Amino acid sequence: MSTVSPPESPLVPRRSPAAASRVAFAALLLRDAVVLRKTLREFLPRTLLQPFLLVFVFTYVFPKIGQGVGGAGGEAAFSTILVAGVIALAIIFQGIQSVALPMVQEFGYTREIEDRVLAPLPIALVAVEKAVWGALASLFSALLVFPIAAFVPATPVDLQVNWLVLCTLTPLCCYMCGALGLFFGTRFDPRTVPLLFGIVVIPITFLGAIYYPWQALEPIRWLQILVLANPLVYMCEGFRAALTDSPHMSLWVVYPALVGFSALFTWQGIKGFARRVVS
Amino acid sequence: MTVVDEVIRTEALTKDYPGGIRAVDGLDLSVRSGEIFGLLGPNGAGKTTTAGMLTTRVVPTSGSAWVAGIDVVAHPVAAKQVIGVVPQTNTLDRSLSVFENLYFHGRFFGMNARTARAEADRRLEQFRLTDRATQPVAALSGGMAQRLMVARAILHRPATIFLDEPTAGLDPQSRLALWEVLGELHAEGQTILLTTHYMEEADQLCDRLAIIDHGRLLALGSPEELKATTGADTIVTVVARPDALDRLAGVLAGVAGVQQAVRVDEQVVAQVEGADGIVPRVFTAAEAAGIAITDVSVAEPSLETVFINLTGKDLRE
Ligand SMILES: Nc1ncnc2c1ncn2[C@@H]1O[C@H](COP(=O)(O)OP(=O)(O)OP(=O)(O)O)[C@@H](O)[C@H]1O
Ligand SMILES: [Mg+2]
């Protein structure tokens with residue numbers, strides 16, 4: 001077959017698939033950024049309120065009213081333990097809220113995802129773009145939340161930053177949560193999305209080593225093993241290593257686990273995405 | 001170089017959905033540059049599936065499809081660069097304004113910011129949407145939303161655009177406005193493939209059309225060619241008591257000049273050649289058979305007639 005020239009001389013040069021994909025991928029990210037800017041007034045309270053309340057109640061109100069938490073280590077140690085958990089929580093929530101929820105909507109009643117599916121890049125990259133966008137939004141919310149976790153507590157937070165770990169772990173955690181959002185976004189629909197929070201997000205956050213180091217679960221051995229299936233555990237433990245001197249899980253476990261979960265969610269997310277847009 | 005004119009080509013294109021439904025069955029099509037080509041068929045005929053395969057969203061079970069010479073299955077990213085799509089449902093980006101829907105579409109297709117802005121403005125003007133530019137797309141009427149989707153589909157100057165039932169659900173005025181838009185694009189030389197189950201739309205707009213049912217091609221040609229295949233110059237539609245209709249069809253088939261008469265729903269449709277005096281002859285024959293006729297109408301053959309001849313059924317829902 002010989003190639004046909006289009007009627008009007010095309011404004012857009014026909015690019016190689018690789019070049020077209022690169023440009024389209026960047027434009028998709030730009031579109032998401034513009035949507036975020038337009039919804040900043042919802043984004044900020046949604047991102048800040050929950051971590052603020054968590055930190056405020058546990059590390060400001062409780063010590064003030066003399067109802068300390070934190071066991072043997074005391075209240076100061078508890079604020080220090082919580083700082084990692086609060087940041088990890090902000091990241092995982094953002095991954096779900098900035099990727100999974102819009103995606104459920106776009107797949108659901110409106111099918112408005114179709115126009116982006118028709119952009120000149122492979123379907124898999126349209127899916128990956130969502131995960132990357134989720135990572136950027138998560139990073140943004142981690143930066144917003146950090147000062148809250150560090151400065152709101154009534155008792156001082158003892159920060160001991162390991163920059164190398166912090167700078168490698170943060171992007172990894174953010175990407176994993178973006179991919180988690182992609183995965184959830186393709187597996188839930190508008191009818192079942194309340195379940196996402198009711199039976200998925202709540203257990204993940206309650207059993208995610210936010211309020212205690214994973215090692216402290218030693219006395220409840222079965223639970224300690226069970227929660228290893230929870231990706232949030234590795235995030236909290238990783239941030240504990242990056243930000244504090246608190247006891248934490250070995251980084252030799254944390255990094256491979258985060259990479260593994262990222263790969264798993266990306267793979268399953270792409271699969272689920274393709275299944276929903278191509279028949 | 002005859003092939004140069006060909007913008008869309010399918011060969012034995014077939015799609016089986018899970019569950020054993022054969023939605024498209026060995027379709028061979030060829031659409032020339034600059035024409036409006038119609039896929040006409042009833043609900044479930046396979047129109048959306050065919051358009052889906054040509055636009056990379058449905059993977060064929062077998063057969064091949066090319067757009068602008070690009071194999072859409074083997075090279076979907078290259079193919080997506082040369083097609084524009086107006087799907088059957090409203091897929092405008094509800095998080096963006098009217099202008100932004102066009103602007104970002106341009107960016108997806110590699111325009112720089114300045115070009116995308118200029119093209120978006122130009123198309124808003126052309127489609128009379130400029131005063132809506134900053135509104136959210138949810139504020140558009142159905143007809144405006146449809147025009148915006150057409151504007152979006154052509155923004156990146158594709159070799160061909162696909163419109164799936166573009167006027168379904170539009171009021172008559174919006175339908176006319178959209179036909180006008182498509183006419184303008186046609187005049188500019190834009191190749192257009194549209195699916196429809198409106199006879200009138202196919203007749204008015206299309207240079208050529210393919211009538212399909214159950215995923216198969218039943219007939220192909222210009223509306224005039226297709227209508228000429230009936231061999232009739234007049235269509236007489238007769239209404240009588242429902243229980244007498246089958247008998248009436250038999251009676252009318254014997255009337256001089258009637259080529260064939262078939263019952264379609266609550267009426268009998270007779271195809272006639274040599275229409276002079278046909279109405280009195282119909283009355284006389286019916287009376288002789290003791291059937292009371294309640295209504296008779298006379299019309300020229302339409303695509304409806306063609307469809308009835310091909311399938312034995314009416315295209316109207
Ligand atoms: N995703 C799908 N899975 C299974 N079957 C499908 C799917 N999409 C369409 N079909 C079936 O394939 C056949 C053709 O459907 P298609 O949507 O292509 O028809 P259509 O001509 O566009 O009809 P309409 O005028 O209603 O839009 C129908 O029997 C339909 O039920
Ligand atoms: Mg359809």
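Everything numeric in this text was worked out from a predicted model, so none of it was measured. (Residues numbered from 1 in each chain as written. Chains lettered and ligands numbered in written order. Predicted model: local features only at pLDDT ≥ 70, side-chain atom pairs only at ≥ 80, totals over all residues. Heavy atoms only, no water.)

(A) Layout of the coordination of the magnesium ion (ligand 2). The protein atoms that coordinate the magnesium ion (ligand 2) are B:T48 (OG1) and B:Q88 (OE1), at distances of 1.8 to 2.4 Å. Of this pair, B:T48 sits in helix α1 (residues 47-54) while B:Q88 is found in the loop between β6 (83-86) and α3 (98-108), placing the two residues 40 residues apart along the sequence. (Donors = N, O, S within 2.8 Å, 3.2 Å for Na, K, Ca; no water. Helix = DSSP H or I, 4+ residues; strand = E, 2+ residues; numbered from the N terminus.)

(B) A look at the sheet that holds strand β3 (residues 36-40) of chain B. All names here are of chain B. Read across the open sheet, the six strands follow the order β6-β7-β8-β3-β9-β10; overall the sheet is mixed. Looking at strand neighbours, the two that pair on one side only are β6 and β10 (216-221), the edges of this open sheet. Averaged over all neighbouring strand pairs, the angle between strand axes comes to 15 degrees, with direction disregarded. Pairing analysis gives four bridges linking β6 to strand β7 (residues 160-164), with the strands arranged parallel. Bridged to V86 within β7 is L163. Each of β6 and β7 touches helix α5 (residues 142-154); the most contacted strand, β6, lies at about 170 degrees to it. (Pairing = 2+ DSSP bridges. Axes fitted to C-alpha atoms, helices over the stretch in contact; angles between N-to-C directions. Contact = heavy atoms within 4.5 Å.)

(C) Just the pattern of salt bridges, in detail. This structure, assessed with the given rule, holds 26 salt bridges over all chains. A:R240 is the partner of A:E237 in a salt bridge, and the nearest nitrogen-oxygen pair spans 3.0 Å. With a gap of three residues between them, A:E237 and A:R240 both fall in helix α9 (residues 231-243), about one helical turn apart. For A:E237, a relative accessible area of 0% corresponds to the buried category. Classification of A:R240 as buried rests on a relative accessible area of 0%. B:D25 is the salt-bridge partner of B:R216, the closest N and O atoms lying 3.0 Å from each other. (Salt bridge = Lys/Arg side-chain N within 4 Å of Asp/Glu carboxyl O. Buried < 20%, exposed > 50% of the residue type's maximum accessible area, 1.4 Å probe, protein only.)

(D) Expanded view of the domain arrangement of chain B. Once the domains are mapped, chain B shows domain 1 (6-222) and domain 2 (231-300). A C-alpha centroid distance of 40 Å is found between domain 1 of chain B and domain 2 of chain B. (Domains from an automatic or database assignment.)

(E) Main features of a nonpolar patch on the surface. A cluster of nonpolar side chains, namely A:L40, A:L44 and A:F140, defines an oily patch on the protein surface of about 200 Å² accessible area. Mapping A:F140 onto the fold places it in helix α5 (residues 123-151). (Patch = residues over 30% accessible without salt bridge, like charges linked within 9 Å, V, L, I, M, F, W, Y side chains within 5 Å. Areas by Shrake-Rupley, 256 points an atom, 1.4 Å probe, with all protein chains shown as cover.)

(F) Inspection of the interface of chain B and chain A at higher detail. Counting residues at the interface gives 50 residues for chain B and 43 residues for chain A. Across the chain B/chain A interface, buried area totals approximately 3900 Å², and carbon plus sulfur atoms make up 60% of it. The tally of links between chain B and chain A comes to six salt bridges. For B:E100, the salt bridge is made with A:K38, and the minimal N-O distance between the two is 2.4 Å. One can count 13 residue pairs in polar contact (both at pLDDT 80 or more) joining chain B with chain A. Of all elements in the fold, only β1 (6-17), α2 (76-81), α3 and α4 (113-126) of chain B reach the threshold of two or more residues within the side of chain B that touches chain A. Here the residues of the side of chain B that touches chain A are counted per class, giving 20 nonpolar, 16 polar and 14 charged. (Buried area = accessible area lost by both parts, 1.4 Å probe. Polar contact = N/O pair within 3.5 Å; in protein donor to acceptor, adjacent residues only side chain to side chain. Nonpolar A, V, L, I, M, F, W, Y, C, P; charged D, E, K, R; others polar.)

(G) Fine view of the site of ligand 1. Residue and element names in this part refer to chain B. Taken together, 13 residues lie around ligand 1, and N43, G44, K47, T48 and T49 are the ones closest in. Here an oxygen atom of ligand 1 sits 3.0 Å away from a polar atom, N or O, in the side chain of Q88. Expressed as a share of its isolated accessible area of 640 Å², the protein-covered part of ligand 1 is 66%. Listing elements by their share of the shell around ligand 1, those giving two or more residues are β2 (21-32) and α1. Among the elements that line the shell around ligand 1, the one with the most residues is α1, at three residues. Here the shell around ligand 1 is built from residues that sort into five nonpolar, six polar and two charged. (Near = heavy atom within 4 Å.)

(H) Summary view of the sheet that holds strand β11 (residues 234-240) of chain B. All names here are of chain B. With antiparallel pairing, four strands are arranged side by side in an open sheet as β12-β13-β11-β14. Lying at the two open borders of the sheet, with one neighbouring strand each, are β12 (258-264) and β14 (293-299). Here the average twist between neighbouring strands, direction ignored, is 20 degrees. Where β12 and strand β13 (residues 267-272) come together, six bridges link them in antiparallel fashion. Residue pairing in the sheet places Q260 in a bridge with Q271 of β13. In this fold helix α10 (residues 278-288) packs onto β11, β12, β13 and β14, with an angle of close to 155 degrees to the strand it touches most, β14. Lying on the sheet, helix α11 (residues 303-311) is in contact with β11, β12 and β13; it crosses β12 at an angle near 80 degrees.

(I) Main features of α11(B). When we look at burial in α11(B), the residues that qualify are B:L303, B:E304, B:T305, B:V306, B:F307 and B:I308. Put simply, B:S302 is the residue that caps the front of α11(B), since its side-chain oxygen is 3.1 Å from the backbone nitrogen of B:E304.

(J) The arrangement of the nonpolar core in detail. Formed by 137 residues in total, the largest nonpolar core has its most connected members in A:F184, A:F239 and A:F273. Sorting elements by how many residues they give to this core places helix α3 (residues 74-107) of chain A first, with 17 residues. If we skip the residues at most four places from it in the chain, A:F273 touches A:M103, A:F107, A:I113, A:V117, A:I123, A:V126, A:A127, A:L182 and A:T186. With 29 residues, the next largest nonpolar core counts B:A45, B:V67, B:A79 and B:F162 among its residues. (Core = buried A, V, L, I, M, F, W, Y, C linked by side-chain atoms within 4.5 Å.)

(K) Expanded view of the layout of surface pockets. Residue and element names in this part refer to chain A. Roughly 520 Å³ of volume is contained in the largest pocket. Elements that contribute at least two residues to the lining of the largest pocket include exactly α1 (17-38), α2 (40-64), α3 and α5. Top element by residues in the lining of the largest pocket is α3. It accounts for six residues. Taken together, the residues of the lining of the largest pocket sort by class into seven nonpolar, six polar and eight charged. The calculated volume of the second largest pocket comes to roughly 330 Å³. (1 Å grid on protein atoms, 1.4 Å probe; cavity = no way out; pocket = protein on both sides within 12 Å on 5 of 7 lines; lining within 4 Å. Points joined across faces, edges and corners; volume = space filled by probe spheres on them.)

(L) Seen up close, the environment of A:L121. Residue and element names in this part refer to chain A. Residue position: L121 is located in the loop between α4 (113-117) and α5. By relative accessible area, which is 0% here, L121 ends up buried. Residues L121 and I270, spaced 149 residues apart in sequence, show a C-alpha to C-alpha distance of 14 Å.

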